[in-house]
Amino acid sequence: MLRYLLPLGIFAVLAGFLAIGLRLDPKEVPSPLIGKPAPEFSLPLLHAPERRLSTKDLKGKVSVLNVWATWCVSCRAEHEVLQALAQSGEVTLYGLDYKDDREKALQWLRVLGNPYEAVAFDEAGRAAIDWGVYGTPETFVIDRQGIIRHKFIGPLTAEKVNEVLLPLVRKLKAES
Amino acid sequence: MPLVALLLTTSTLLGTAHAGSLAQFDFSGPVTQEHFKQVLGKLRCLVCQNETLLDSQAELAQDLRREVYDLMASGKSDQEVIDFLTARYGDFVLYDPPVKPSTYLLWYGPFALFVVGVVALLVTVRRRRQGPEPQLSPEEQARARRLLDEADEGDNRT
C-alpha cells in the first residue's frame, strides 16, 4: 500500500508547491519598509516649485502616497481609480511624480484631472530610491504616526481600493 | 538584407551599451573599476530580475549604479552599500541571500532532501538483505535434487 501512497504523496506536495509558485507574482518584491517610518524626503511641489512636500506633511493623518509618471502607461489606467478615491474624501492622497517632465506632468493633470492634495516632483528619482520604488505605479498607505503600513505594487484597481485600501484606511483612522 | 542590417546594428548597440554604462564613472579616485564591478555583480536589478546591477540597462539600474558609486566614493564599505540597498529593497537585491529563518528551507532544504534519500536507500538495502530465505516447496526440492544428481552423474562420466 505504502509503495503506491508514497509517490502519490510526494507528487501532491510537489504539485502544491508548484501551484503556489504559479500564483506568486515575481514582480511583487515585498518591501522592507512596511512597519517602518516613512523615509525622510523634501521635494519641490509640481505646481509650486518654491514650496516643498516633506515627511512631516505626512504625519498627523492617514495618507496615501502614489508614485506615478506621465511615461508610465499603467499609471494612466490607474488614474480613474485615484480620481474616485480622492472623491470619496476618505483619505488624503499625495502624489510623487517620478523622473518626469514638469510640463508634461502638469498637462496630464490638467487633462485627466488632479486627484492629489499635493504632488512632490522627484525629477532625479533620488527620493524614490529611499522609498524603495522600483517601478511605477506604486502606492503607500501611511498612518498618523508617519509609519508605512502597506504598499501596493502596480496599478490600483477599484477592487484593490474597495477590498484592501479603504478598509485599511478606516482601520488606521480608528487607531488612536 | 534589412533584417541582417537590423541585427547587426542592435548587436553593436548591445555590445557598446555595457561599456558605455560604466564610462560615466571616474575610476581614477578611491573607487577602482574592478571593485565597483565586483560589488555591482552581487546585486540584483529589480526591473530586469535576472540581471545584476552591473549588466542591467534599466533606468533604475543606472540610477542605482550612480548611488552605489557615490556611496563607495564617500568611503562606505561593501557591507554598508549592501545594507543601504537591502534597507530599501529587501533581501531580494542580493544574489546571495542571508541565512535566516525565512531562508532555511532554501539553504538547508537540499541537504535535508539528501539525508532523506540516503536514509531511504539504507532502509531499502537493509530490508532486501534481511528478507527471509526463499523456501522451496517439496516438488521444487525434489526437482532440485534430481538436477543436482544428474550433474553429478555427468561429472563422473568425464
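A brief structural summary. (Residues numbered from 1 in each chain as written. Chains lettered and ligands numbered in written order. Predicted model: local features only at pLDDT ≥ 70, side-chain atom pairs only at ≥ 80, totals over all residues. Heavy atoms only, no water.)

Section: the overall build of chain B
The secondary structure content of chain B amounts to 6 helices and 0 strands. Along the chain direction, N to C, the helices and strands of chain B fall in the order α-α-α-α-α-α. Out of the 158 residues in chain B, the part that is buried amounts to 25%. Partitioning the contacts of chain B with sequence separation of at least 6, the portion at a separation of at least 24 is 49%. Of the roughly 11,400 Å² of accessible surface on chain B, 61% is carried by carbon and sulfur atoms. (Helix = DSSP H or I, 4+ residues; strand = E, 2+ residues; numbered from the N terminus. Buried < 20%, exposed > 50% of the residue type's maximum accessible area, 1.4 Å probe, protein only. Contact = heavy atoms within 4.5 Å. Areas by Shrake-Rupley, 256 points an atom, 1.4 Å probe, with all protein chains shown as cover.)

Observations regarding the packing of aromatic side chains
Tallied over the entire structure, the rule returns 11 aromatic pairs over all chains. For the pair B:Phe36 and B:Tyr69, a centre-to-centre distance of 5.6 Å together with 85° between the ring planes defines the contact as edge-to-face. Of this pair, B:Phe36 sits in helix H2 (residues 33-40) while B:Tyr69 is found in helix H3 (residues 59-73), placing the two residues 33 residues apart along the sequence. Each ring, one from B:Tyr104 and one from B:Tyr108, has its centre 5.7 Å from the other, and the planes form 45°; the classification is tilted. A residue pair is termed a helical-turn pair when its members lie 3 or 4 positions apart in one helix, as B:Tyr104 and B:Tyr108 do in helix H5 (residues 104-130) at 4 residues. Exposure remark for B:Tyr104: the relative accessible area of 41% places this residue in the partly exposed category. With relative accessibility at 45%, the residue B:Tyr108 sits in the partly exposed group. Members of the aromatic cluster, joined through ring pairs, are B:Phe25, B:Phe27, B:Phe36 and B:Tyr69. Cation over ring: A:Arg76 sits above A:Trp108, and NZ or CZ is 5.9 Å from the ring centre. The ring of B:Phe84 carries the charged tip of B:Arg88 above its face, separated from the ring centre by 3.7 Å. (Phe/Tyr/Trp six-rings, centres within 6.5 Å; stacked < 30°, edge-to-face > 60°. Lys NZ or Arg CZ within 6 Å of the ring centre and 35° of its normal.)

Focus on H5(B)
In a regular helix each residue adds 1.5 Å, so 27 residues correspond to 39 Å; H5(B) covers 37 Å between its end C-alpha atoms and thus fits that length. A maximum bend of about 30° is found in H5(B) at B:Pro110. (Expected span 1.5 Å × (residues − 1). Bend = angle between axes of the 7 residues up to and from the residue.)

Digging into the pairing of strand S5 (residues 118-122) of chain A
Residue and element names in this part refer to chain A. Along S5, 5 of the 5 residues are buried, which leaves the element largely enclosed by surrounding structure. Along S5, one buried face is formed by Ala118, Ala120 and Asp122 and the opposite face, lined by Val119 and Phe121, is buried too. Of the crossover connections in this fold, the one passing from strand S4 (residues 92-98) over helix H3 (residues 102-112) to the parallel S5 is right-handed. (Right-handed = clockwise from strand over helix to strand, strands pointing away.)

Brief notes about the nonpolar core
Ranked by size, the top nonpolar core spans 51 residues in total, and within it A:Trp131, B:Phe36, B:Val68, B:Leu85 and B:Tyr89 carry the most contacts. The element best represented in this core is H3(B), accounting for 7 residues. With residues near it in sequence (within four places) discarded, B:Phe36 still touches B:Leu22, B:Phe25, B:Phe27, B:Val31, B:Arg65, B:Val68, B:Tyr69 and B:Met72. If you look at the next biggest cluster of nonpolar residues, it comprises 28 residues, including A:Val91, A:Leu109, A:Leu156 and A:Val169. (Core = buried A, V, L, I, M, F, W, Y, C linked by side-chain atoms within 4.5 Å.)

Here we look at the side chain of A:Asp130
With respect to the element layout, A:Asp130 can be found in helix H4 (residues 126-130). Residue A:Asp130 is classed as buried on the basis of its relative accessible area, which comes to 17%. For A:Asp130, the side chain forms a polar contact with the side chain of A:Arg126, separated by 3.2 Å. Residues contacting A:Asp130, with those up to four places away along its chain left out, are A:Leu33, A:Pro39, A:Glu40, B:Phe84 and B:Arg88. (Polar contact = N/O pair within 3.5 Å; in protein donor to acceptor, adjacent residues only side chain to side chain.)

Focus on the environment of B:Gly90
With respect to the helices and strands, B:Gly90 occurs in the loop between helix H4 (78-89) and H5. Once residues within four sequence positions are removed from consideration, B:Gly90 is found in contact with A:Pro32 and B:Leu85.

Focus on the pairing of S4(A)
Residue and element names in this part refer to chain A. With respect to burial, S4 is a largely interior element, 7 of its 7 residues being buried. Residues Thr92, Tyr94, Leu96 and Tyr98 of S4 are buried on one face, and the alternating residues Leu93, Gly95 and Asp97, pointing to the opposite face, are buried as well. Relative to S4, strand S3 (residues 63-68) is paired through 6 bridges, and the arrangement is parallel. Of the residues in S4, the one forming a bridge with Val67 is Leu96. Sheet topology note: the S4/S5 ladder contains 5 bridges and is parallel. When the bridges of S5 are listed, Tyr94 appears paired with Ala118. (Pairing = 2+ DSSP bridges.)

Describing the state of the cysteines
All chains considered together, the criterion is met by 1 disulfide over all chains. Between the sulfur atoms of A:Cys72 and its disulfide mate A:Cys75 the distance is 2.2 Å. What sets the handedness of the A:Cys72 and A:Cys75 disulfide is the S-S torsion sign, and at about 90° it is right-handed. Taken as a pair, A:Cys72 and A:Cys75 share a single burial class, namely buried. The cysteine B:Cys45 is free of any disulfide, with B:Cys48 supplying the nearest cysteine sulfur at 4.6 Å. Since its relative accessible area comes to 1%, B:Cys45 is described here as buried. (Disulfide = S-S within 2.5 Å.)

No statement about biological role is implied by the geometric values presented.
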